[in-house]
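# Inside the fold
Chain by chain, the residues run as shown.
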Amino acid sequence: MMVTGQDYGMFTQDIEDFVRPVTFKGGDVPITKEQLKKIHQLAKEVEIKPEIVTELMKLMFNVDHSTKLSKIQAAQLIHELLILQKPY
């Protein structure tokens with residue numbers, strides 16, 4: 001049985017426990033269109049509501065919208081969403 005974000009009932013505490021330090025390259029360069037597409041695609045695939053992704057961005061980067069992410073922040077968020085995509 002595959003557990004999705006929606007089925008799991010993800011809460012803020014779950015998100016706080018989920019965030020791990022990972023190092024990526026990209027600096028202060030703005031998020032790319034491809035990264036934006038990937039974030040939205042992955043969130044949809046793992047059935048995470050947009051408000052949950054927004055809360056994750058706030059906790060990780062103090063950013064309230066995906067278009068405000070830097071390239072490095074987007075890479076980190078994509079990494080976290082990819083982890084959710086893998087079955088346990």
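Because the structure is predicted, anything quoted here is derived from the model rather than measured.

In terms of helices and strands, the chain carries 5 helices and 0 strands. Ordered by position from the N terminus, the helices and strands of the chain form the series α-α-α-α-α. Of all 88 residues assigned to the chain, the portion counted as buried reaches 35%. A separation threshold of at least 6 residues defines the contact pool for the chain, and within that pool the share at least 24 residues apart is 77%. Element-wise, carbon and sulfur atoms account for 56% of the exposed surface of the chain, whose accessible area totals about 6,000 Å².

Further remarks concern the pattern of salt bridges. Taken as a whole and judged by the stated rule, the model has 1 salt bridge. Measuring nitrogen to oxygen at the nearest pair gives 2.8 Å for the salt bridge that ties Lys-68 to Asp-64. On the accessibility criterion, Lys-68 (54% relative accessible area) is exposed.

Before going further, it helps to examine the packing of helix α4 (residues 50-61) against helix α5 (residues 71-85). Between α4 and α5, the least distance of the axes is 11 Å, while the angle of their chain directions is 125°. What the angle tells us is that α4 and α5 run oblique. For α4 against α5, the interelement crossing comes out right-handed. Mapping the contact onto sequence places Val-53, Leu-56, Met-57, Met-60 and Phe-61 in α4 and Gln-73, Gln-76, Leu-77 and Glu-80 in α5. Residues that form the contact of α4 with α5 fall into these classes: 6 nonpolar, 2 polar and 1 charged.

Basis of the calculations
Per chain, the residues get numbers from 1 upward, laid out in the order the sequence is written. Local features are withheld for residues below a pLDDT of 70 in this predicted model, meaning they are given only at 70 or higher, and side-chain atom pairs are given and counted only at 80 or more; totals for whole chains, interfaces and linings count all residues. For the side-chain quantities, the full set of heavy atoms in the structure was used; hydrogens and water were omitted. A run of DSSP states H or I qualifies as a helix once it reaches four residues; a run of E qualifies as a strand once it reaches two. Both are numbered from the N-terminal end. Throughout, exposure labels follow a simple rule: accessible area from a 1.4 Å probe, protein chains only, divided by the maximum for the residue type, with under 20% read as buried, over 50% as exposed, and the rest as partly exposed. Residues count as neighbours in contact if any of their non-hydrogen atoms are within 4.5 Å of one another. Residue exposure ignores everything except the shown protein chains as possible cover, and the areas themselves are Shrake-Rupley values with a 1.4 Å probe. Here a salt bridge means any side-chain nitrogen of Lys or Arg lying within 4 Å of a carboxyl oxygen belonging to Asp or Glu. Between the N-to-C directions of two axes lies an angle of 0 to 180 degrees, each axis being a line fitted to C-alpha atoms and, for a helix, fitted only over the stretch in contact. Angles below 35 degrees are treated as roughly parallel, those above 145 as roughly antiparallel, those between 65 and 115 as roughly perpendicular, and all remaining angles as oblique. With the far helix as reference, a near helix turned anticlockwise by less than a right angle produces a left-handed crossing, and one turned clockwise produces a right-handed crossing. Each residue gets one label: Ala, Val, Leu, Ile, Met, Phe, Trp, Tyr, Cys and Pro are nonpolar, Asp, Glu, Lys and Arg are charged, and the others, such as Gly, are polar.

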